[in-house]
Each structure stands twice: as C-alpha cells, then as structure tokens.
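What follows is the residue order along each chain.
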Amino acid sequence: MLRIACPFCGTRDHSEFSYGGDGSVNYPALDAALEAWHDAVFLRDNICGRQVETWQHVHGCRMWLLVERDTMTHEIFSVRPAHAGLATVLEATE
Amino acid sequence: MTRFTAWNVFWQGMTGQKGWSRQWRDPAPKAHYDVVIVGGGLHGLATAYYLAKTHGVKNIAVLEKGWIGGGNAGRNTTIVRSNYAQPGNREFYEHSLKLWENLSHELNYNVMFSQRSHVALLHSPGAIDAASRNYNTMRLTGTPDAEIWDLPTLKRAVPHLNYAANARFPIIGAAVQKRAGTARHDAAVWGYARAADARGVDILQNCKVEGISRDGGRITALDTSRGRITAGKVAFAVAGSTSLLWQMAGLGGLPIESHKLQAFVSEPLKPLLDQVVVFGMGGAHFYISQSDKGGMVFGGDLDWYKSYAQRGNLPIVQDVAEAAMSVLPCLGRVKLLRHWSGLVDMSMDGSHFICKTPLDNLYLNAGWNYGGFKASPASGWWFADLIASDRPAPMIAPFDLKRFERGLQIDERGAGPDCKLHG
Ligand SMILES: Cc1cc2nc3c(=O)[nH]c(=O)nc-3n(C[C@H](O)[C@H](O)[C@H](O)COP(=O)(O)OP(=O)(O)OC[C@H]3O[C@@H](n4cnc5c(N)ncnc54)[C@H](O)[C@@H]3O)c2cc1C
Ligand SMILES: [Zn+2]
C-alpha cells in the first residue's frame, strides 16, 4: 500500500486518495491553438521513474496534492499542495 | 521440428517420447534483418508468423528482452470475445475471433480454444436496454451469436451465482456471446513461435533493445544486449514498454500511459463454472472462468494509478475478493494459489494503435490493455499487412496516432482521455 503524507491531514493509505494523473502537464491558455490543447490533453511522457503527479485526498481534506513518486519503485519523495501558497493562505485566515 | 499428428503422438507415446525435436531454434543474432520486430509477446510473434507466411518476407527477427510469453501474453486471464459495439472495434475483434476458431489447425498446435460462452450479468432494466442495443448492433454487423438471456435461462445455464433477491445488485438477466470463451495463453505463444520459426523467423530471447540509431527520418540500427543489429524495417510490439522505446527513438510523447492489471488463480476445483462470467456494476469490475486444470481464473480493475512495477497493490486484491464473494459466494473458502500483475499500455481512449509513425521505417503496434489477448491473431495479421505493404488497410485505418487530432476517438467506455477509467 502506498502511504501519502497529506500536508493537511497527515500520513494516510493511498486508498483514501484518488489519482489524478501526470502533474507536469501545463494546460495552455483557453484560446491557444488546437495542437497545444491536443498535446496537453492526450500526449504523455509516461515517465518510468520519478514523476510529479496529482492526487486528491477525497476521503480526507479533499485537497489536490502534487506528489513526486517513482513509478517503478513507488517511493514517494515529496508531497505538497497543488495550488502554490494555499497552505499559507489557509493559515492566515485561521 | 516434428509435426504433431495423431500418428506421431501415438508413436512417441510407444517409444518413450524421445523422438521430439526442439520446438523452435535458438539462433545467434545476424548482423542484419529485413524486418526486426521488438517484443516477443503474442503480437510480435503473430506478426512475424503472418509476415513470413502471408507476405513471404524471408529475413525476420523477433527480439525479446526476457523469454517469449514472459510478458502479458503469459499473464492474462485468457478471455476471447468479439462483443464490441464501436465501428472499427467490432469488425476487428470479429476477425480475430474467426482466426481463433481455426488457430489450432493453422499452427498445428493445440491452443485449447474453448468457445464456452461469455456471460455478462445484467442488473437493471436500463442495462438490459443498453445490452440489447449493443447486441442488435453486433447482429447487424456480422456477429450472429449475440443473445440476451432472461433469468430462468441464466439460472439453468449458470446455477451457482448469487441470485438472492436482496443482493446489493440483484441479477436479472445476462448478455451472452456464445462463440466467445477462453484459450490457453502459453500455447498460443508457443504455437506462433514454433510456426514462425518453421518459416525461418529468428526468435532471439534475452535480447533487449537498449539503444536506437537514427539517420534523420529512418531507424538504421538497434543496439541490443546481444550486439548491434541493422534493420530494413522496425516494428514495435512491446506492450507496456511502448513509451520507453518511443523515447529511445527520440519521438517524445504518446497518447499512452503504463498501468498494471492483476490476475488471480485459485486452487483446482472440480468442474464448477462452464462459462466466462462477467460482473460490472456500480464501480465493481470482475471476470471469472475455470481453467482446464480446475483453477478459478479471475481478475478485476487496473490499480487506479500509473505504474511500471509488475507488482499489484492490495486494495485491488480486496476489491476483487469482494466482487467474487458477491457474485459467487460459494468461493468463500477456496484458497488463492497464485496472483500476479502485468504491465499494460492504456491508451487515452482505451483502444489500440496499429499504424505508421513519424519515422519512415518504424511501425507501431501498441495501446493494448484489457483486450489484447483476444486481439492477438488479428493484430498480427493486420500489422504484418501494414509492414509488408506500407499502407494501412481499411480495417486498421481508424487505429492510428492521429485519431485524437481528428476528434475521432474509439472510446468503447465513453470514459474520455483518462486511462484509468477505461476497461
Ligand atoms: C492480468 C491481465 C489480464 C488480462 N486479461 C485479458 C483477457 O482476459 N483477455 C484479453 O483479450 N486480454 C487480456 N489482457 C491483455 C493482454 O494480455 C495484453 O494486451 C497482450 O498480451 C499484450 O500483447 P503482447 O502479448 O504482445 O504483450 P507482451 O507479452 O507483454 O509482449 C511484449 C514483450 O516485449 C518485451 N519487451 C519490452 N521491452 C523490450 C525491449 N526493450 N527489448 C526487447 N523486448 C522488450 C517484453 O519483455 C514482452 O515480452 C490481460 C492482461 C493482463 C496483464
Ligand atoms: Zn488531506
């Protein structure tokens, strides 16, 4: 079982999370050329090794996370909120 | 190579089985081949066979990094069917089923193809309507053996299912394809290997492609663990490793992700289940049949996240066990014997690719996931045709890499560009 250290909830089994996909995909501007959208939606580097990917903590805080994982060994190197600065914003409003 | 005939089998039986020869040779790699096929799974071996037989190509090699059939060809749950509804898929899989029907003869090798029926359970009137639509489509497009069974018919044919009226998803009927069934996967691998070898194909095991040399838009040579091999034409048929080879050739991204699929086999039981039974409802996905040795062979969904490890995760084991208990509660005390996983190519629409590539002499056979075993005879047939003639026949024209640009995906499940949702 993969265990993911959610920055908001702590370390949990991956069955609490839902896998999003390749987190390195950069979506183009809405009015970008069709080819740019085609590449973002359909093409993947399909990395064997370290990849940044998105997971959502659906049975926890429901936050989207960026997880850096080795797709062969399943070792997890880092976990951070998908939206930069979100943690600081949350702390500030507490 | 000694042919299998009733007389030979009898005679060898009388003389201590000492007169059989090797089933295929173990040649040293040559410096050059006209066609090099990378991947000694079913798709690669079938392609080599049809290239040699139908198209008369003489100088062919199949390169396999491990042993042939050590990949998904030897890891699948062996279901063969052609009950697809999308144009493109249905003709292709029906052609494959027809090839299966004569495969043992064709290869002079018993692939144990057993047309025992594929029974997909239905749990709601809406599901019956949807299945009827699919099955009418099949009947209208050349697949005559589609049927919808009502509950009494189903109970007579498959008596051990959980028919409880208060089940979470009560069974109310089934969609059935009668010519569907199972085959012995290893036998298909060995049969194609033996028949290809007999026509002069070099099967090179322990021969891993580690580097690819290009001269502009062509591949000139492959660097392998058994030396450098130059090639006239190169064909990839490496299942879950497609992206790795694609990048070795310097070609960038593909509409493919590597995922893994698990399978399970129980201790052998006396005859219990005559058909392939499939249960898919409310997120559950489960398929089961009984092998000729008596083991219950079953499987479920992908592992839900991308992975290159040929090692399954535990939540799927639980998921599959729960589905098994809800459909066939009589399995509750049966012990699991073995459990494994295979690395499959999930494409963005769940369908495959048999096509030309941006390089002049490189051909691609990829994107196989749940359906790649049943597809292997037709896949080899049409891939060989593409390599030999250098133009896609109408049968495979829809299965190219550009279909996403055209907006013409072949999405049986309607799951969109999300690999883990296809199946
Ligand atoms: C658990 C499971 C259950 C399945 N159940 C079914 C089913 O019931 N029905 C069905 O129709 N399909 C099923 N499938 C799908 C089917 O098994 C596959 O789609 C199909 O076998 C893939 O084609 P193949 O046989 O050519 O692949 P493989 O046998 O995987 O062949 C690819 C080969 O390429 C080799 N290779 C990779 N990289 C290199 C390299 N660099 N150099 C040289 N060689 C290399 C690999 O070692 C491998 O042997 C299942 C798959 C799995 C994993
Ligand atoms: Zn959380």
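Described below are features of the structure shown in this document.

## A word on the overall build of chain A
Inference 1: Looking only at helices and strands, chain A features two helices and six strands.
Inference 2: When the helices and strands of chain A are placed in sequence order, the string is β-β-β-α-β-β-β-α.
Inference 3: Across its three principal axes, chain A shows a C-alpha extent of roughly 40 × 35 × 20 Å.
Inference 4: The long-range fraction of contacts in chain A, counting pairs at least 24 apart against all pairs at least 6 apart in sequence, stands at 43%.
Inference 5: Averaged over its 7 positive side-chain charges, chain A has a centre that lies 7 Å from the centre of its 13 negative ones.

## Focus: helix α2 (residues 42-53) of chain B
Quick reminder: α-helices carry 3.6 residues per turn. Residues three or four places apart thus point the same way.
Inference 1: Helix length check: α2 of chain B, at 12 residues, gives a terminal C-alpha distance of 16 Å against a target of 16 Å (1.5 Å per residue), a fit within 8%.
Inference 2: Inspection of α2 of chain B places Leu-42, His-43, Gly-44, Leu-45, Ala-46, Thr-47, Ala-48, Tyr-49, Tyr-50, Leu-51 and Ala-52 of chain B among the buried residues, and these make up the whole buried set.

## Things to note about a nonpolar patch on the surface
Inference 1: Residues Trp-7, Phe-10, Trp-11 and Met-14 of chain B make up a contiguous nonpolar surface patch of about 510 Å² in total accessible area.
Inference 2: Within the secondary structure, Trp-7 of chain B sits in helix α1 (residues 6-14).

## Observations concerning the sheet that holds strand β3 (residues 18-22) of chain A
To summarise the sheet geometry, strands pair through backbone hydrogen bonds and adopt either a parallel or an antiparallel arrangement.
Residues and elements named next belong to chain A.
Inference 1: Taking strand neighbours across the sheet as the criterion, the four strands line up as β3-β4-β5-β6 in an open arrangement whose pairing is antiparallel. If you trace the sheet from one side to the other, it starts and ends with β3 and β6 (76-81), each paired once. Each neighbouring strand pair of the sheet contributes to a mean axis angle of 30 degrees, computed without reference to strand direction.
Inference 2: Relative to strand β4 (residues 50-56), β3 is paired through four bridges, and the arrangement is antiparallel. If you follow Asp-22 over to β4, its bridge partner there is Glu-53.

## Digging into the site of ligand 1
Residue and element names in this part refer to chain B.
Inference 1: The local shell around ligand 1 holds 37 residues, among which Glu-64, Thr-77, Asn-369, Tyr-370 and Lys-374 are the closest.
Inference 2: Between ligand 1 and Asn-72, the relevant distance is 2.8 Å, taken from an oxygen atom to a main-chain nitrogen or oxygen of the residue.
Inference 3: Here a nitrogen atom of ligand 1 and a backbone polar atom of Tyr-370 are 2.7 Å apart.
Inference 4: Coverage of ligand 1 by the protein amounts to 96% of the 1,000 Å² it exposes when considered alone.

## Observations concerning the layout of surface pockets
Residue and element names in this part refer to chain B.
Inference 1: The computed volume of the second largest pocket comes to approximately 590 Å³.
Inference 2: Lining the second largest pocket are 26 residues, with Arg-184, His-185, Ser-291, Lys-293 and Val-297 sitting closest to its centre.
Inference 3: Contributions of two or more residues to the lining of the second largest pocket are made by α7 (185-198), β12 (256-268), β14 (284-290), β15 (295-302) and β16 (336-347).
Inference 4: Ranked by residues supplied to the lining of the second largest pocket, first place goes to β12 with four residues.
Inference 5: In terms of residue class, the lining of the second largest pocket is built from seven nonpolar, 11 polar and eight charged.

## Describing the interface of chain A and chain B
Inference 1: In this assembly, 22 residues from chain A lie in contact with 25 residues from chain B.
Inference 2: When residues of chain A are sorted by the area they lose upon contact with chain B, Tyr-19, Phe-42 and Asn-46 of chain A head the list and together hold 33% of the total.
Inference 3: The tally of links from chain A across to chain B stands at one salt bridge.
Inference 4: For the interface between chain A and chain B, the tally reads 12 residue pairs in polar contact (both at pLDDT 80 or more).
Inference 5: Of all the elements in the fold, those that place two or more residues in the side of chain A that touches chain B are β3, α1 (34-42) and β4 of chain A.
Inference 6: No other element matches the three residues that α1 of chain A contributes to the side of chain A that touches chain B.
Inference 7: Among the residues forming the side of chain A that touches chain B, the class breakdown is 10 nonpolar, nine polar and three charged.

## Digging into the sheet that holds β15 of chain B
All names here are of chain B.
Inference 1: Read from one edge of the open sheet, eight strands run β5-β6-β4-β13-β14-β15-β12-β16, paired in mixed fashion. Edge strands, defined here as strands with exactly one partner in the open sheet, are β5 (146-150) and β16. Neighbour-to-neighbour, the strand axes of this sheet turn through a mean angle of 20 degrees, independent of strand direction.
Inference 2: Alignment of strand β4 (residues 118-122) against strand β13 (residues 276-281), held across three bridges, turns out to be parallel. Residue His-118 lies in a different strand from β13, and its bridge partner there is Val-276.
Inference 3: Each of β4, β5 and β6 (173-177) is contacted by helix α5 (residues 125-140), which is oriented at about 155 degrees to β5, the strand it contacts most.

## Focus on the coordination of the zinc ion (ligand 2)
Residue and element names in this part refer to chain A.
Inference 1: For the zinc ion (ligand 2), the full set of protein donor atoms is Cys-6 (SG), Cys-9 (SG), His-57 (ND1) and Cys-61 (SG), and the range of their distances to it is 2.0 to 2.3 Å.
Inference 2: Its four donor atoms give the zinc ion (ligand 2) angles of 103 to 120 degrees at the centre, a pattern that matches the tetrahedral case.
Inference 3: In primary sequence terms, the donor set of the zinc ion (ligand 2) follows C-x2-C-x47-H-x3-C.
Inference 4: With a relative accessible area of 4%, Cys-6 lands in the buried category.
Inference 5: By relative accessible area, which is 26% here, Cys-9 ends up partly exposed.

## Some points on unusual backbone geometry
Residues and elements named next belong to chain B.
Inference 1: Positive phi outside glycine occurs at Ser-117, with the angle close to 85 degrees.
Inference 2: One can find Ser-117 in the loop between α4 (103-107) and β4.
Inference 3: For Ser-117, a relative accessible area of 9% gives the class buried.

## Quick word on the pattern of salt bridges
Residue and element names in this part refer to chain B.
Inference 1: This model, assessed by the stated rule, comprises 24 salt bridges over all chains.
Inference 2: A salt bridge links Arg-179 to Asp-145; the nearest nitrogen and oxygen atoms lie 3.1 Å apart. Of this pair, Arg-179 sits in the loop between β6 and β7 (181-182) while Asp-145 sits in the loop between α5 and β5, and the two are 34 residues apart along the sequence.
Inference 3: Relative accessible area serves as the criterion here: at 17%, Arg-179 is assigned to the buried category.

Calculation notes
- Residues numbered from 1 in each chain as written.
- Chains lettered and ligands numbered in written order.
- Predicted model: local features only at pLDDT ≥ 70, side-chain atom pairs only at ≥ 80, totals over all residues.
- Heavy atoms only, no water.
- Helix = DSSP H or I, 4+ residues; strand = E, 2+ residues; numbered from the N terminus.
- Contact = heavy atoms within 4.5 Å.
- Lys, Arg positive; Asp, Glu negative; His and termini not counted.
- Charge placed at Lys NZ, Arg CZ, Asp CG, Glu CD.
- Expected span 1.5 Å × (residues − 1).
- Buried < 20%, exposed > 50% of the residue type's maximum accessible area, 1.4 Å probe, protein only.
- Patch = residues over 30% accessible without salt bridge, like charges linked within 9 Å, V, L, I, M, F, W, Y side chains within 5 Å.
- Areas by Shrake-Rupley, 256 points an atom, 1.4 Å probe, with all protein chains shown as cover.
- Salt bridge = Lys/Arg side-chain N within 4 Å of Asp/Glu carboxyl O.
- Pairing = 2+ DSSP bridges.
- Axes fitted to C-alpha atoms, helices over the stretch in contact; angles between N-to-C directions.
- Near = heavy atom within 4 Å.
- Polar contact = N/O pair within 3.5 Å; in protein donor to acceptor, adjacent residues only side chain to side chain.
- 1 Å grid on protein atoms, 1.4 Å probe; cavity = no way out; pocket = protein on both sides within 12 Å on 5 of 7 lines; lining within 4 Å.
- Points joined across faces, edges and corners; volume = space filled by probe spheres on them.
- Nonpolar A, V, L, I, M, F, W, Y, C, P; charged D, E, K, R; others polar.
- Buried area = accessible area lost by both parts, 1.4 Å probe.
- Donors = N, O, S within 2.8 Å, 3.2 Å for Na, K, Ca; no water.
- Tetrahedral: all angles 85-135°; square planar, octahedral: opposite > 155°, others 65-115°.

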